[in-house]
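The primary structure of each chain is shown beneath.
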Amino acid sequence: MRAVSKPSLAIEIYADPEVVVVNGTAAVLKCTFRSSVAVTANSPVLTWTFESRQPDSEFYRNPKVIFYFFNANQYLGETEFKDRVQFVGDINKRDASIQIFPIQFSDNGTFLCDVKNPPDVTGTTARIELRVVPKESLPSTNPTIIIGGVLGGLVLLVLIAAGACMAMKYRQSRYDYEGCTSLDSVNSQVAQPRKKQESSMESSRATSPSGPLQGPVIYAQLDHSGVKSSNPLQKMEPVVYADIRKN
């Protein structure tokens, strides 16, 4: 029967290769890790070690532990860092970072971050080269340059806004002009048949009487000349007018 070998466990540790800090400020040394084994508050073992680059330092070529984390407890190492080192990481998030404040010129050197998460204990230690510099060595920013840049940005924004406004006004005026022209042409086309219709109506009104329609007026006179009468004045009857009107 052939034996099956278990895959080897290896923990991966990550850190910035170089950190530049101004003397007297706070330096955060970031260190994270990735493990194939579940991480709990009691499982990881964190170790931070310092090795100086200055020949007159006790840490020169003699790395010493400055911070130690085990079984959810923190332990501070050498006296020179004892009051200046603080754990700022989070084990549950696989973060083993520390902070050193205030930073000193004697801290120039190499900081080593090592993490063990049993049974995942094999891995390469992360190295951080810390370089402490005086404040004067950093490039200073001229306030005049900052103000000029801000003002230039504001002017550019104003110009862009003005250009956009002018473009919108131009498009609106052009749209209004084209709209009026098209409406005038449509109105002129509609107005012509209307004028013709009005002229025909006026001609019909001119030929037709303005008042109601009337029928012919008939006048009738009765003659009783054939009737004898003693009174000659009674021979003629009054005239009867018949007015027959047809609405």
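Everything below is about the structure printed above this text.
Residues numbered from 1 in each chain as written. Predicted model: local features only at pLDDT ≥ 70, side-chain atom pairs only at ≥ 80, totals over all residues. Heavy atoms only, no water.

Participant: Hey, could you go over the overall build of the protein chain for me, with residue numbers and the actual values?
Facilitator: Helices and strands together make up the secondary structure of the protein chain, namely two helices and 13 strands. Looking at the protein chain residue by residue over its 247 residues, the buried ones come to 22%. A separation of at least 24 residues holds for 59% of the contacts in the protein chain among residues at least 6 apart in sequence. (Helix = DSSP H or I, 4+ residues; strand = E, 2+ residues; numbered from the N terminus. Buried < 20%, exposed > 50% of the residue type's maximum accessible area, 1.4 Å probe, protein only. Contact = heavy atoms within 4.5 Å.)

Participant: Break down the side chain of T49 for me, with residues and values.
Facilitator: Within the secondary structure layout, T49 lies in strand β5 (residues 45-52). Of the residues examined, T49 reaches a relative accessible area of 15% and is grouped as buried. The residues touching T49, leaving out its near neighbours within four places in the chain, are P63, K64, V65, T110, F111 and L112.

Participant: Tell me about the sheet that holds β5, and please be specific about residues and values.
Facilitator: As a general point, the strands of a sheet are linked pairwise by backbone hydrogen bonds and lie either parallel or antiparallel. Pairing within the open sheet is mixed, and its six strands lie in the order β2-β11-β10-β5-β6-β7. Looking at which strands have only one partner, the edges of the open sheet turn out to be β2 (18-22) and β7 (73-76). If you compare each strand with its neighbour and ignore which way they point, the axes differ by 20° on average. Where β2 and strand β11 (residues 126-133) come together, five bridges link them in parallel fashion. Across the sheet, V20 pairs through a bridge with R131, a residue of β11. (Pairing = 2+ DSSP bridges. Axes fitted to C-alpha atoms, helices over the stretch in contact; angles between N-to-C directions.)

Participant: Would you mind going over the pattern of salt bridges in detail, with residue names and values included?
Facilitator: This structure, assessed with the given rule, holds eight salt bridges. The salt bridge involving E129 is made with R127; its shortest N-O contact spans 3.9 Å. Here E129 falls in the partly exposed class, since its relative accessible area comes to 27%. Taking the relative accessible area as the measure of exposure, R127 reaches 47% and is therefore partly exposed. When salt bridges with common partners are traced through the structure, they connect R53, R127 and E129 into a single cluster. (Salt bridge = Lys/Arg side-chain N within 4 Å of Asp/Glu carboxyl O.)

Participant: Account for the environment of Q86, naming residues and giving values.
Facilitator: You can see Q86 is positioned in strand β8 (residues 85-87). Considered as a pair, Q86 and Q99 are 13 residues apart in the sequence and their alpha carbons are 5.2 Å apart. Every residue in contact with Q86, bar those within four places of it in the chain, is listed here: I98 and Q99.

Participant: Report on the sheet that holds β8, specifying residues and quantitative values.
Facilitator: Strand order in the open sheet made by the three strands is β3-β9-β8, with antiparallel pairing throughout. Bordering the open sheet on either side are β3 (27-29) and β8, each of which pairs with just one other strand. Shown here is a sheet whose adjacent strand axes are inclined to one another by a mean of 25°, direction ignored. Note: β3 against strand β9 (residues 98-100), three bridges, orientation antiparallel. Each residue of the ladder has a partner; that of V28, found in β9, is Q99.

Participant: Tell me about the packing of aromatic side chains, and name the residues and values.
Facilitator: For any pair of aromatic rings, the description consists of the separation of the ring centres together with the inter-plane angle of the planes. Summed over all chains, the structure comprises nine aromatic pairs. On the basis of an interplanar angle of 90° and a centroid distance of 6.2 Å, the ring pair of F81 and F111 is categorised as edge-to-face. Residue F81 is located in helix α1 (residues 79-82), and its partner F111 is located in strand β10 (residues 109-116); the two are separated by 30 residues in the primary sequence. F111 sits in the buried class, given a relative accessible area of 0%. Aromatic ring contacts, followed pair by pair, group F50, F59, F81 and F111 into a single cluster. (Phe/Tyr/Trp six-rings, centres within 6.5 Å; stacked < 30°, edge-to-face > 60°.)

Participant: Requested: an account of unusual backbone geometry, with residues and values cited.
Facilitator: In this structure, P102 follows F101 across a cis peptide bond, with omega equal to -5°. Cis rather than trans, the peptide bond between P118 and P119 has omega equal to 5°. Topologically, P119 is positioned in the loop between β10 and β11. Positive phi values are uncommon outside glycine, yet N71 reaches one of about 55°. Looking at the element boundaries, N71 is found in the loop between β6 (64-70) and β7. Overall, the relative accessible area of 40% leaves N71 in the partly exposed class.

Participant: Account for the pairing of β11, naming residues and giving values.
Facilitator: Across five bridges, the pairing between β10 and β11 is antiparallel. Note that in β11 the partner of C113 across the bridge is A126.

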